[in-house]
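# Tertiary structure, described
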Amino acid sequence: MADEQIVEVEGKILSVLPGTMFRAQLLNGHIVLAQISGKLRKHFIKIGVGDYVKMEMSTNDITKARIVYRLRGNEINRPPRTEPSGDASNPAPVARPAIKRPAPRRPNSGPQRRR
């Protein structure tokens, strides 16, 4: 098990499943079942539908992945989108605004008082 090769891929979350499981689509179109990693659980990183994430996959089972990082808007490695224009042979790329998401909220770290 120690000599498994890990492949790092990026993808988009399609649906949220029970038990911190997600259905994710890789950039090449392949759909996998993704599970959140322990560090993301520990730090309460929220992942929702439409978020882009970085995942690790084993070469032994390419149907499952582990989510290790939620990508921010400027970190997403997507190919540039093109818009149809009059000249179909050379379409002009369309500039997209950066996605700004609020920082994840942390729970209170101090002891809670009862009222």
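Preceding this section is the structure that the text describes.
So, here's what we can say about the structure. Bear in mind the structure is a predicted one, so any value in this text is a computation, not a measurement. What you see as residue numbers is a count from 1 along each chain, following the sequence as written. Only residues with pLDDT of 70 or above have their local features reported here, since the model is predicted, and side-chain atom pairs are shown and tallied only from 80 upward, although totals for entire chains, interfaces and linings are computed over all residues. Water and hydrogen atoms were dropped before computing side-chain values, which therefore reflect all heavy atoms in the structure.

## Some remarks on the pairing of strand S5 (residues 64-70)
Strands qualify as paired when DSSP identifies two bridges or more between them. Only DSSP runs of H or I reaching four residues or more are called helices, and only runs of E reaching two or more are called strands; each is numbered from the N terminus. Where strand S3 (residues 31-36) lies against S5, 4 bridges are found, and the strand directions are parallel. Note that in S5 the partner of Ala34 across the bridge is Ala65. Pairing analysis gives 4 bridges linking strand S4 (residues 52-58) to S5, with the strands arranged antiparallel. Looking at the pairing, Val53 lines up with Arg70 of S5.

## Structural notes on the sheet that holds strand S2 (residues 21-26)
Spatial strand order, S1-S2-S3-S5-S4: 5 strands in a closed barrel with mixed pairing. Taken over all neighbouring pairs, the strand axes of this sheet differ in orientation by 50° on average, direction set aside. As paired strands, S2 and S3 are joined by 5 bridges and run antiparallel to one another. In the strand pairing of S3, Arg23 is matched with Leu33. In this analysis, axes come from line fits to C-alpha atoms, helices being fitted only over the stretch in contact, and the angle between any two N-to-C directions falls in the range 0 to 180 degrees.

## Concerning the nonpolar core
One finds Ile13, Phe22, Val32, Ala34, Ile47, Met55 and Ile67 to be the most contacted residues of the largest nonpolar core, which totals 15 residues. Listing elements by their share of this core, those giving two or more residues are strand S1 (6-17), S2, S3, S4 and S5. Contacts of Phe22, omitting those with residues within four sequence positions, involve Ile13, Ser15, Val16, Leu17, Val32, Leu33, Ala34, Ile36, Ile47 and Ile67. As used in this record, nonpolar core signifies buried Ala, Val, Leu, Ile, Met, Phe, Trp, Tyr and Cys residues forming a set joined through side-chain atoms within 4.5 Å. Each residue is assigned to one of three classes by its accessible area relative to the maximum for its type, calculated with a 1.4 Å probe on protein chains only: buried under 20%, partly exposed between the two thresholds, exposed over 50%. Residues count as neighbours in contact if any of their non-hydrogen atoms are within 4.5 Å of one another.

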